[in-house]
Amino acid sequence: MPSNEAPVADWVTIPDLDRDPFPIYERLRAEGGVHWVPAVGRYLITSYAAVHETELDQSTFSANEQGSLQIRAMGHSMLRRDDPEHYLERKAWQPTLRPGVVKRHWRGIFETTAEHYLDEMIAKGQAQGGAADLIWDFAAPFAAESLRQIIGLHNVTQQDMQRWSQTLIDATGNYADDPEVWAKGKRSFDEVDAALDEILPWHAANPNESLLSQLLRIPDYEMPIERIRANVKMTIGGGLNEPRDVLGVAAWGLLTHPEQRRAVEADASLWHAAFDETLRWVAPIGLYSRQTTREVELTGVRLPAGARLGICILSANRDERVWDDASAFDVRREVKPHLAFSKGVHVCLGAWVARSEIADVALPMLFDRLQGLDLVPDEPAEIRGWVFRGMRRMPVRWSSVASSAAAAPAAADRLEPRIEPRIAVVGSGPAGCFTAQALRRRFPAATLEVLDALPVPYGLVRSGVAADHRGTKSVTAQFDRLFLHEGVRFRGNLRLGTDVSLDELRGAFDAVVLATGMHADRDLGVPGAQLEGVHGAGRITRLLNAHADEGEAPSLGEQVVVVGHGNVAMDLVRLLARDAQGLEGTDIDDEAHERLAGRVRVVHVVGRSAPTAAKFDPVMVRELASLPGVAHRVHGAALDAIEEGKDARADAVRALGSLEPVEPRVEVHWWFGLAPVRIEGDDRVERIVFSSAEGDVALDADSVVTAVGFEADEDAPTAAGAHPDGRVEPGLYVAGWLRRGPRGTIPDQRTDARELARTIAEDIDAGAVTIGAHGLEPRPAEIGFDGWRRIDVLEQLGAAPGRERAKLKAVARMLEVAADSGIPLPELDIEDEGSGGGLPVTVLFGSESGGAELVADELRRALADRAEVDVRDLADVAPGDLDASRLHLVVCSTYGDGEVPTAARAFHRSLVDDRPDLSAIRYAVLGMGDRSYSKTYSRGSELIDEAMAACGAARVGEYGRHDAGGPVSATEAAREWAEGVLSAAAVRSA
């Protein structure tokens with residue numbers, strides 16, 4: 001796209017921005033999102049895409065702005081520095097604000113403080129006729145006193161903190177250059193310095209948990225006093241106004257949206273959703289500054305070197321290209337990563353504090369204790385601001401007050417299940433089983449039944465996941481517990497539309513969830529796509545997994561072209577290129593594999609995009625790079641133009657040629673930037689022609705395998721993707737790919753299942769779904785879970801040497817085995833089934849801001865009853881310390897633009913430089929990152945994983961990932977990931 005000069009928005013005024021910036025921002029986004037605005041003397045960056053881009057490149061978009069208003073108002077704090085200076089100061093600030101410290105120490109203080117100021121507001125309201133101002137009588141003093149305690153400014157009052165915060169913030173946003181604002185800010189500036197000079201000696205003599213005390217005890221860094229002063233002022237500014245304004249706006253949002261208030265009060269898990277939606281809806285810190293270090297193009301607009309930018313978070317968080325109905329407050333909206341806490345290296349240090357203060361403590365306490373809380377009709381609330389935006393006044397009233405002791409049980413009572421619905425889930429693949437799991441947690445006493453067309457459960461996991469990815473398949477151990485121990489009934493060999501109709505199901509159950517998936521391979525849509533020798537990747541994968549409906553496998557010949565660069569294509573290429581040793585321990589159908597891959601010598605894997613935009617997971621590409629006897633040739637990738645270390649996909653492709661075999665068994669040719677034009681041949685495939693920027697490319701082929709996605713089967717019960725919220729109508733729901741279309745991984749289905757269970761519960765609570773259905777009578781040929789267990793036993797007993805099982809392919813044979821009571825069933829151990837038993841486990845965490853550390857501590861508690869758990873910081877571990885008798889769970893975050901966390905760098909460097917022998921070590925990886933960083937998401941954990949694998953360590957179970965911008969908490973995702981890993985470890989040990 002050609003670069004253009006920034007348009008001038010001379011119609012924008014500061015008073016209009018202060019009153020209501022959103023109509024202005026909407027127009028600016030519609031006109032491109034990058035404008036020169038004379039009234040504020042800088043370029044305003046208003047689109048999500050442009051804002052996000054500035055946050056990923058601190059070398060071009062510098063925080064160290066010359067002539068910064070914030071530097072003038074508060075001093076030169078870390079917020080106005082770039083790495084490495086920024087990192088040193090950030091690291092010094094972190095210990096007090098780490099999530100583990102917040103949870104262990106500060107949350108109790110927040111609870112005491114909130115109770116105190118809520119009691120004061122209640123007393124004031126009673127003295128004033130039953131009304132008070134929520135902002136100035138509760139939110140502001142609560143936030144100020146909490147921050148006073150955190151910093152350790154014991155020689156000042158919360159009123160001092162409020163005055164300092166407001167005047168310093170006003171000065172920081174003084175784009176109108178008002179001299180009175182500067183004067184008030186300067187008085188506060190000097191008063192903070194005087195208070196610090198007085199209190200620092202006391203902290204030196206009295207070590208404690210406060211920020212000032214921690215600063216004085218850093219072993220390897222002594223922060224200069226001027227930097228302490230500047231950073232304390234910065235903390236007083238943002239650390240007070242942000243929680244104050246989030247609390248006020250969240251309460252305003254809930255009080256003006258009563259149906260959402262009822263949902264949150266009925267489901268305590270939604271307090272965090274309300275917190276995040278508030279931050280997105282009205283970001284309390286609405287704008288911050290950046291300055292370009294060079295001439296640069298930003299979303300098609302040329303910016304000169306030295307350009308001063310206003311990064312408009314308020315606007316980016318309402319970008320209609322990212323969020324549907326972005327101006328609405330909606331706690332149930334699909335979770336996407338907002339920018340209120342910033343991104344990149346400057347991500348907000350106080351995020352964990354604010355979340356605990358508001359979502360865990362103040363917001364639920366406010367609504368629990370003040371019964372009938374409401375706005376005062378004759379005294380409207382007022383909200384203002386654009387650099388910082390929040391409630392200026394918010395008069396409220398209430399009907400009665402619950403005591404602090406009574407409030408918590410009342411909230412808990414609302415969570416108790418009061419109904420026992422009967423729910424059917426059609427489809428026992430990951431979407432169906434995760435939905436049943438989420439429904440069981442939501443409705444502990446409900447009748448839940450899972451139906452499947454085949455006599456065997458687990459759908460995609462059994463028949464669609466690559467046979468050599470045993471870790472992914474091990475999720476079935478979690479699903480087993482659903483049917484064995486959690487009262488969920490499996491009913492196999494019941495095909496929807498043949499053995500039972502949808503109308504019958506809806507009459508027999510209160511709610512029906514359709515999770516039948518999408519199985520048909522999408523047609524390539526070019527001439528020749530119907531020739532013999534063109535196959536869909538889905539069918540090939542099912543053949544390798546011995547699916548009952550697929551028949552005999554064809555030969556793919558010597559030269560195979562795989563069209564597509566997604567993970568399904570990666571799975572297929574890997575299985576075609578693997579040797580027999582690489583399939584050891586799998587459940588692959590050897591007969592099908594030999595017919596399909598026995599003659600293959602050349603595989604072309606072709607995609608339209610450049611490596612940076614390809615759909616594959618870089619971990620999958622690196623797995624391919626490590627296959628013995630396979631040579632890789634890369635065409636059209638243009639890797640020289642991509643800086644190493646800045647894009648995980650490009651780096652993975654770059655590594656493909658690092659291990660060149662002397663006499664390769666198979667050559668894999670990687671083609672980028674090619675679009676299919678036609679497939680040529682008389683009776684069957686002979687070649688496929690692609691177009692590229694340089695002209696047509698023709699590849700000879702014995703077979704073409706299309707891996708370009710899936711579409712619904714002809715007999716699909718509903719249109720795929722037509723109901724993205726999961727609700728067809730109350731009582732009928734869709735899950736998995738039927739819900740969203742053919743996208744998303746197995747872990748994504750777990751997340752969707754929780755959302756769907758909540759939707760079903762809301763419909764039932766609202767009375768939209770009537771309870772009282774009597775269930776579906778048994779059908780003559782249906783198979784229960786014990787029938788599947790007999791099939792499972794026989795398949796394992798029939799396994800060839802080096803194989804996990806020999807799957808039965810014929811449904812008639814499955815039914816025969818399922819009915820054979822002579823096949824003994826394994827005894828059940830309810831306590832330890834699939835749990836990993838007393839396995840010794842070491843959790844190794846690599847953290848930058850404390851998130852991975854908190855997860856590690858949670859895993860210690862969560863796994864305590866099934867494993868002997870030790871937790872260690874990677875900063876304190878050398879590769880030689882790893883104990884071969886223990887399973888190692890590596891929980892690792894990503895720093896900056898795809899780097900290993902600083903604390904884990906010595907461990908990583910030792911792996912790379914020393915190459916210790918780790919062949920006896922078993923490990924699993926959970927990567928923590930932010931999916932909005934599409935190029936480097938979870939890259940820190942991937943670097944650790946690659947280095948451990950290169951030293952011979954064996955990875956166990958699913959490669960876990962947690963998206964910081966997603967709807968599931970890191971600790972919840974980690975617990976479920978760890979359960980799957982322990983299940984996989986137990987299976988391997990059996």
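Quick caveat, the model's predicted, so the values are computed rather than measured.

Chemist: Got a minute to help me understand helix 31 (residues 851-862) in this structure?
Modeler: Each full turn of the α-helix corresponds to 3.6 residues, which orients residues three or four apart in the same direction. End to end, helix 31 covers 16 Å across 12 residues, agreeing with the expected 16 Å (1.5 Å per residue, within 8%). Of all 12 residues in helix 31, nine are buried, a share of seventy percent or more. For helix 31, every residue scored as buried is listed here: Gly 851, Ala 852, Glu 853, Leu 854, Val 855, Ala 856, Asp 857, Glu 858 and Leu 859.

Chemist: Would you mind showing me how to read the sheet that holds strand 27 (residues 687-692) here?
Modeler: In any sheet, the strands associate via hydrogen bonds between backbone groups, in a parallel or an antiparallel arrangement. Overall, antiparallel pairing links the three strands, which are arranged 26-27-28 in an open sheet. Edge positions in the sheet fall to strand 26 (675-680) and strand 28 (695-700), since each has one partner strand and no second. Neighbour-to-neighbour, the strand axes of this sheet turn through a mean angle of 25°, independent of strand direction. Here strand 27 runs beside strand 28; their pairing, made up of six bridges, is antiparallel. Paired with Ser 691 across the two strands is Asp 696, which belongs to strand 28.

Chemist: Just checking my understanding: could you explain the confidence of the model for the protein chain for this structure?
Modeler: Close inspection of predicted coordinates is inappropriate for parts of the model with low pLDDT. A residue-level look at the protein chain finds 96% of positions with pLDDT of 70 or above and a mean pLDDT of 90. With pLDDT under 50 throughout, residues 408-418 is counted as low confidence; its partners more than four residues away or in other chains account for nine contacts. Note on residues 830-836: pLDDT is under 50 here. Beyond four places in sequence and across chains, it has 12 contacts.

Chemist: So what exactly am I meant to see when it comes to the side chain of Asp 137 here?
Modeler: Position of Asp 137 relative to the elements: it lies in helix 7 (residues 134-151). With relative accessibility at 12%, the residue Asp 137 sits in the buried group. Among the polar contacts listed, one links the side chain of Asp 137 to the side chain of Lys 124, at a separation of 2.8 Å. Residues in contact with Asp 137, not counting those within four places in the same chain, are Tyr 117, Met 121, Lys 124 and Ala 132.

Chemist: I'm lost on helix 12 (residues 258-266) in this one. Help?
Modeler: Residues Gln 260, Arg 261, Ala 263 and Val 264 constitute the buried set of helix 12. For helix 12, the angular spread of the buried residues around the axis is 160°, confining them to a single face.

Chemist: Help me understand the sheet that holds strand 7 (residues 296-298), please; the structure alone is not making it clear to me.
Modeler: Sheet architecture is open: three strands sit in the order 1-8-7, paired in mixed fashion. Edge positions in the sheet fall to strand 1 (4-5) and strand 7, since each has one partner strand and no second. Here strand 7 pairs with strand 8 (residues 301-303) via three bridges, running antiparallel. From the neighbouring strand, Val 296 faces strand 8, where its bridge partner is Leu 303.

Chemist: Could you clarify how one ought to interpret the environment of Arg 872 in this entry?
Modeler: Looking at the secondary structure, you find Arg 872 in strand 34 (residues 867-873). For Arg 872, a relative accessible area of 29% gives the class partly exposed. Along the chain, Arg 872 and Asp 857 lie 15 residues apart, while their C-alpha atoms are 9.7 Å from each other. Beyond its immediate chain neighbours, meaning those up to four positions away, Arg 872 contacts Thr 842, Val 843, Leu 844, Phe 845, Val 877 and Asp 881.

Each value, and the rule that gives it
- Residues take numbers from 1 onward in each chain, read along the sequence in its written order.
- Local features in a predicted model are, by the rule used here, given only for residues with pLDDT of at least 70; side-chain atom pairs are given and counted only at 80 or more, and totals for whole chains, interfaces and linings are based on all residues.
- The basis for the side-chain values is all heavy atoms of the structure; hydrogens and waters are excluded.
- Here a strand is any run of E in DSSP of at least two residues, a helix any run of H or I of at least four, and the numbering for each starts at the N terminus.
- To estimate how far a helix should reach, multiply one less than its number of residues by 1.5 Å.
- For every residue, the accessible area obtained with a 1.4 Å probe (protein chains only) is divided by the maximum for its type, and the residue is called buried under 20%, exposed over 50%, and partly exposed between those limits.
- When DSSP finds two or more bridges between a pair of strands, those strands are recorded as paired.
- Comment: axis = line fitted to C-alpha atoms, over the contacting stretch for helices; angle = value between 0 and 180 degrees taken between N-to-C directions.
- pLDDT is defined as a per-residue confidence score from the predictor, taking values between 0 and 100.
- Two residues form a contact once any of their heavy atoms are found within 4.5 Å.
- Polar contact is the term for a pair of N or O atoms within 3.5 Å; when the atoms are in protein, one must be able to donate a hydrogen and the other to accept it, and sequence-neighboring residues count only if both atoms are side-chain atoms.
- It is the directions from the helix axis to the C-beta atoms that the arc portrays.

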